[in-house]
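Breakdown of the fold
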Amino acid sequence: MYELWKYYYQTKPGTKLTARLWDEEEVKKNRAYDILKNYECSATYADRCYVLKISKIDSGIYALKVAMAYANDTNEVGIVSNLTYLIKNERRGLRLANYFYYSTRNWKKFFTKTITFYTPPEYAVNSADAQKSERFLGKMYNTLNLSPRTVSYYVTPTCEQMQQAIGIDEFVGNGATNTCSCMDTANNIIFSGGKGFYDPQDLVRVAGGYFPKAHPIFMTGLTGLLGGYNGKTMSYYQKQFLTYLEQHPDFQITDLPSFYEVDQEINPQYLVGAVFCAVAMKKDVEKLKKLLSYGTRETDFYMAIYKELNVTRNNAKDYFLTQLKDPELFKQYQDF
């Protein structure tokens, strides 16, 4: 069992090359079969890995606990998270599997048209909010001219319960907040801990699966544009940031892709992406889709705004600020 994990981790985990080491049904079920590797909202995979424990938890099923860690320049090791996987003794031999599907096997299901909600047995389903999520996705699909896809939506009362279900014990971040969420765009899975059955910010992330080559800033901006950020619209943050600039005339904006900090409330990445997405949408939705097709590197960001919006790298910051001063820019999305 130890050698199976060691080979998987040291080869190319989560790829076709290592699919033969994984539970066959999970490989067929998912576009990307290693859920923990897809889980981009916590420190899951790292440079180093240490097997902590292998224990039998069911007939022919074993829990594999591993620690993920990084080493600094002086080779001091810091563990960032513990992860739990399964090893199954199958007909073809030992195979790795996701702990997540085992831990949620007895959860309740609630269906809307395109969403299947999964909750712990004792957690009451808010059917009104579930239907609200369905309507929101329908509106998003229509706005972006996308064909609907089925979505799996896992909901727990707290963030800690969600991480326990997935198999993550995160050292950095646990306890800081009792809410968390993440989107597995490859498999169309939303993980929501402590945020209930309706969160527009989470739902917009479903669109990420349609645009795998989009620069992260554009997808962040689209999320804010349609779903808001921390419960507030982009119009709100637009006013906050413009007020901040008036109060801090010496404030300098860095290169847009690396513009991360203003104050504790404003996340400029949402504003930068939302501005360019809104300008593209002013032209038409196909222009937006083209903007989201150039790639994920910094050079791709600048190529996208140049090719689609005729904005050069040298002019990008001034263009961003000029567009941001337009009070009508985000108006139509306030009540999305």
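Now for a quick tour of the structure.

Attention shifts here to the sheet that holds strand β6 (residues 115-119). The strand order across the open sheet built from 5 strands is β5-β6-β7-β10-β9, with neighbouring strands paired in mixed fashion. If you trace the sheet from one side to the other, it starts and ends with β5 (108-111) and β9 (180-184), each paired once. Along the sheet, successive strands turn relative to each other by an average axial angle of 15°, direction set aside. Of the strand pairs in this sheet, β6 and strand β7 (residues 151-156) are connected by 4 bridges, and their pairing is parallel. Paired with Ile-115 across the strands is Val-151, a residue of β7. Across the face of the sheet, helix α5 (residues 127-144) comes into contact with β5, β6 and β7 while running at roughly 145° to β6. In the packing of helix α6 (residues 159-166) onto the sheet, contacts are made with β7, β9 and β10 (189-193), and the angle to β10 comes to roughly 135°.

Among the nonpolar cores identified, the biggest contains 68 residues, and Met-140, Leu-222, Phe-276, Phe-320 and Phe-330 are the most heavily contacted of them. Top element by residues in this core is helix α10 (residues 268-283). It accounts for 11 residues. Aside from chain neighbours lying at most four places away, what touches Phe-330 is Leu-225, Met-234, Ser-235, Gln-238, Leu-271, Ala-274, Val-275, Ala-278 and Leu-324. Grouped together as the second largest cluster of nonpolar side chains are 34 residues, Tyr-9, Ile-35, Ala-46 and Ile-168 included.

Let us now look at the state of the cysteines. Scanning the model with the defined rule gives 1 disulfide in all. Each sulfur in the disulfide pair Cys-159 and Cys-180 lies 2.2 Å from the other. Linking Cys-159 and Cys-180, the disulfide has an S-S dihedral of approximately 105° and is accordingly described as right-handed. You can see Cys-159 sitting in helix α6 and its partner Cys-180 sitting in strand β9, a full 21 residues away along the chain.

Quick look at the side chain of Ser-192 now. Within the secondary structure, Ser-192 sits in strand β10. Once residues lying within four places of it in the same chain are set aside, the contact partners of Ser-192 are Tyr-153, Tyr-154, Val-155, Thr-156, Met-162, Cys-180, Ser-181 and Asp-202.

What follows concerns the packing of α10 against helix α12 (residues 298-309). Where α10 contacts α12, the axes come no closer than 11 Å and their chain directions differ by 25°. In this view, α10 runs roughly parallel relative to α12, as classed from their interaxial angle. Remark: the crossing between α10 and α12 carries left-handed chirality. Across the interface between the two elements, Val-272, Phe-276, Val-279, Ala-280 and Lys-283 of α10 pack against Phe-301, Ile-305, Glu-308 and Leu-309 of α12. Looking at side-chain class alone, the contact of α10 with α12 contains 7 nonpolar, no polar and 2 charged residues.

Another point: helix α1 (residues 2-10). Of the residues making up α1, those classed as buried are Leu-4, Trp-5, Tyr-8 and Tyr-9. Taken around the axis of α1, the buried residues stretch over an arc of 120°, which confines them to a single face. Of the exposed residues in α1, those oriented more than 90 degrees away from the buried face are Glu-3 and Gln-10. Next to the buried residues of α1 lie β1 (48-58), β2 (61-71), β3 (77-90) and β4 (93-98).

Taken together, the side chains of Tyr-50, Leu-52, Val-77 and Ile-79 present a nonpolar region at the surface, about 340 Å² in accessible area. Breaking the nonpolar patch down by element, the ones donating at least two residues are β1 and β3. With respect to the element layout, Ile-79 can be found in strand β3. For Ile-79, a relative accessible area of 40% corresponds to the partly exposed category.

Conventions adopted
Residues numbered from 1 in each chain as written. Predicted model: local features only at pLDDT ≥ 70, side-chain atom pairs only at ≥ 80, totals over all residues. Heavy atoms only, no water. Pairing = 2+ DSSP bridges. Helix = DSSP H or I, 4+ residues; strand = E, 2+ residues; numbered from the N terminus. Axes fitted to C-alpha atoms, helices over the stretch in contact; angles between N-to-C directions. Contact = heavy atoms within 4.5 Å. Core = buried A, V, L, I, M, F, W, Y, C linked by side-chain atoms within 4.5 Å. Buried < 20%, exposed > 50% of the residue type's maximum accessible area, 1.4 Å probe, protein only. Disulfide = S-S within 2.5 Å. Parallel < 35°, antiparallel > 145°, perpendicular 65-115°, else oblique. Left-handed = near helix turned anticlockwise from the far one by under 90°. Nonpolar A, V, L, I, M, F, W, Y, C, P; charged D, E, K, R; others polar. Arc of directions from axis to C-beta. Patch = residues over 30% accessible without salt bridge, like charges linked within 9 Å, V, L, I, M, F, W, Y side chains within 5 Å. Areas by Shrake-Rupley, 256 points an atom, 1.4 Å probe, with all protein chains shown as cover. Salt bridge = Lys/Arg side-chain N within 4 Å of Asp/Glu carboxyl O.

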